[in-house]
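Next come the chains, spelled out residue by residue.
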Amino acid sequence: MKKFIAIATLCLMTAGYVGNAAGELDPEDRFSYGLLGGGSISWIAGESVQVEYEGVLYNGNNTVLGGGFVGGLVQYWFTPSFSLRADLYYGQQGTKLHLDEFSLSRRSHNVNLPVYACIGFLDRRINLMVGPQFGFCAAGFDAPGNLNNKEVHEKVKWASTGYYKFDIGVSAALEGMFTDNVGIFARFNAGFLNVFKAISAIPSPYGKNMVAHIGFVYKFD
């Protein structure tokens, strides 16, 4: 929560400075909306995992999991160089969990809403954005990597601990526009809340969502 307050304060201070320093803007150029999509890599930040199953202790660690996202955006420019922007997108995120001799992909399907304070440079060709992100987990799935091993299937049944429905975090993005309509961007999201619910096999929840995006954006006139 302290991180969220600090980031929000920084955004408000930046907005005030840019708003006072910038000039006038044509009313027709204030509002824009568009589409976005691309690929992602995600992982769960946290300590290595130890899980006990039928008296056997398994040591685990997390690695990255690939995915994708698609969505839209709305943006309002208060000045020629400062705007507020909201992205609403569907994306996949999670981790690949390795537990000794078997692995498990933990993938969730999320709807996320980052709200950015955006500073534009070089006539809005380069845009730097930062702000809070709110997430909702629509569904979560655990898939064992050793699909041909019946014993492994039995062992990983306990691993379906369930996913928390809501998340809050911070998001930062850098966008480059080739034209007024077409551009690319890179984004990093860091969650503040635990991802998985606890069960007896995993006594305490662990890990926060970490997601990196690379994608394309199209803004309508």
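Structure: see above.
What counts as what
Residues numbered from 1 in each chain as written. Predicted model: local features only at pLDDT ≥ 70, side-chain atom pairs only at ≥ 80, totals over all residues. Heavy atoms only, no water. Helix = DSSP H or I, 4+ residues; strand = E, 2+ residues; numbered from the N terminus. Buried < 20%, exposed > 50% of the residue type's maximum accessible area, 1.4 Å probe, protein only. Contact = heavy atoms within 4.5 Å. Phe/Tyr/Trp six-rings, centres within 6.5 Å; stacked < 30°, edge-to-face > 60°. Lys NZ or Arg CZ within 6 Å of the ring centre and 35° of its normal. Salt bridge = Lys/Arg side-chain N within 4 Å of Asp/Glu carboxyl O. 1 Å grid on protein atoms, 1.4 Å probe; cavity = no way out; pocket = protein on both sides within 12 Å on 5 of 7 lines; lining within 4 Å. Points joined across faces, edges and corners; volume = space filled by probe spheres on them. Nonpolar A, V, L, I, M, F, W, Y, C, P; charged D, E, K, R; others polar. Pairing = 2+ DSSP bridges.

Q: Could you clarify how one ought to interpret the overall build of the protein in this entry?
A: Counting secondary structure elements, the protein contains two helices and ten strands. Beginning at the N terminus, the succession of helices and strands in the protein can be written as α-β-β-β-β-β-β-β-α-β-β-β. Across the 221 residues in the protein, those meeting the buried criterion constitute 43%. Residue pairs at least 24 apart in sequence account for 69% of intrachain contacts in the protein once pairs closer than 6 positions are excluded.

Q: Please clarify how the packing of aromatic side chains should be interpreted in this entry.
A: Each pair of aromatic rings is reported with the distance of its centres and the angle of its planes. In the structure shown here, the tally under the stated rule is nine aromatic pairs. Between Tyr-76 and Phe-78, the aromatic rings sit 5.0 Å apart at their centres with planes inclined by 75 degrees, giving edge-to-face as the arrangement. With 5.5 Å between their ring centres and 55 degrees between their planes, Phe-136 and Phe-166 make a pair best called tilted. Taken as a pair, Phe-136 in strand 7 (residues 126-144) and Phe-166 in strand 8 (residues 166-177) lie far apart in primary sequence, 30 residues in all. Here the aromatic cluster, defined as three or more aromatic residues joined through ring pairs, consists of Phe-31, Tyr-33, Tyr-218 and Phe-220. Between the NZ or CZ atom of Arg-124 and the centre of the ring of Trp-77, over which it lies, the distance is 4.3 Å.

Q: I'm lost on the pattern of salt bridges in this one. Help?
A: Side chains bearing opposite charge may pair, as long as their charged atoms lie close to each other. Taken as a whole and judged by the stated rule, the model has five salt bridges. Between Arg-85 and Asp-87 there is a salt bridge; the shortest N-O distance is 2.8 Å. Judged on exposure class, the residue Arg-85 and its partner Asp-87 are both buried. The partner of Arg-85 in a salt bridge is Glu-175, with the nearest N and O atoms 2.8 Å apart. Of this pair, Arg-85 sits in strand 5 (residues 82-99) while Glu-175 sits in strand 8, and the two are 90 residues apart along the sequence. Each member of the pair, Arg-85 together with Glu-175, is buried. Beyond isolated ion pairs, a larger network of salt bridges with shared partners links Arg-85, Asp-87, Glu-175, Arg-187 and Lys-219.

Q: Sorry, what's going on with the environment of Val-74 here?
A: Along the chain, Val-74 falls in strand 4 (residues 65-79). On a C-alpha basis, the gap between Val-74 and Phe-31 in space is 7.6 Å, while along the polypeptide they are 43 residues apart. In this structure, Val-74 is in contact with Phe-31, Ser-32, Tyr-33, Leu-84, Arg-85 and Ala-86, ignoring residues within four places of it in sequence.

Q: What's the story with the layout of surface pockets in this structure? I'm lost.
A: One way to see where empty space is left: roll a probe the size of a water molecule over the atoms. What the largest pocket holds in volume is close to 440 Å³. In this structure, the largest pocket is lined by 16 residues; those nearest its centre are Asp-29, Ser-32, Trp-77, Arg-124 and Asp-180. At the level of elements, strand 1 (31-45) and strand 10 (208-220) are the ones that each hand at least two residues to the lining of the largest pocket. Along the lines of polarity and charge, the residues of the lining of the largest pocket split into four nonpolar, four polar and eight charged.

Q: What is the right way to read the pairing of strand 8 from this model?
A: Where strand 8 meets strand 9 (residues 182-194), nine bridges bridge the pair, whose relative direction is antiparallel. Of the residues in strand 9, the one forming a bridge with Gly-169 is Gly-191. Where strand 8 folds back onto strand 9 in an antiparallel hairpin, the turn is made up of four residues.

Scope: geometric values only; no functional claims are made or implied.
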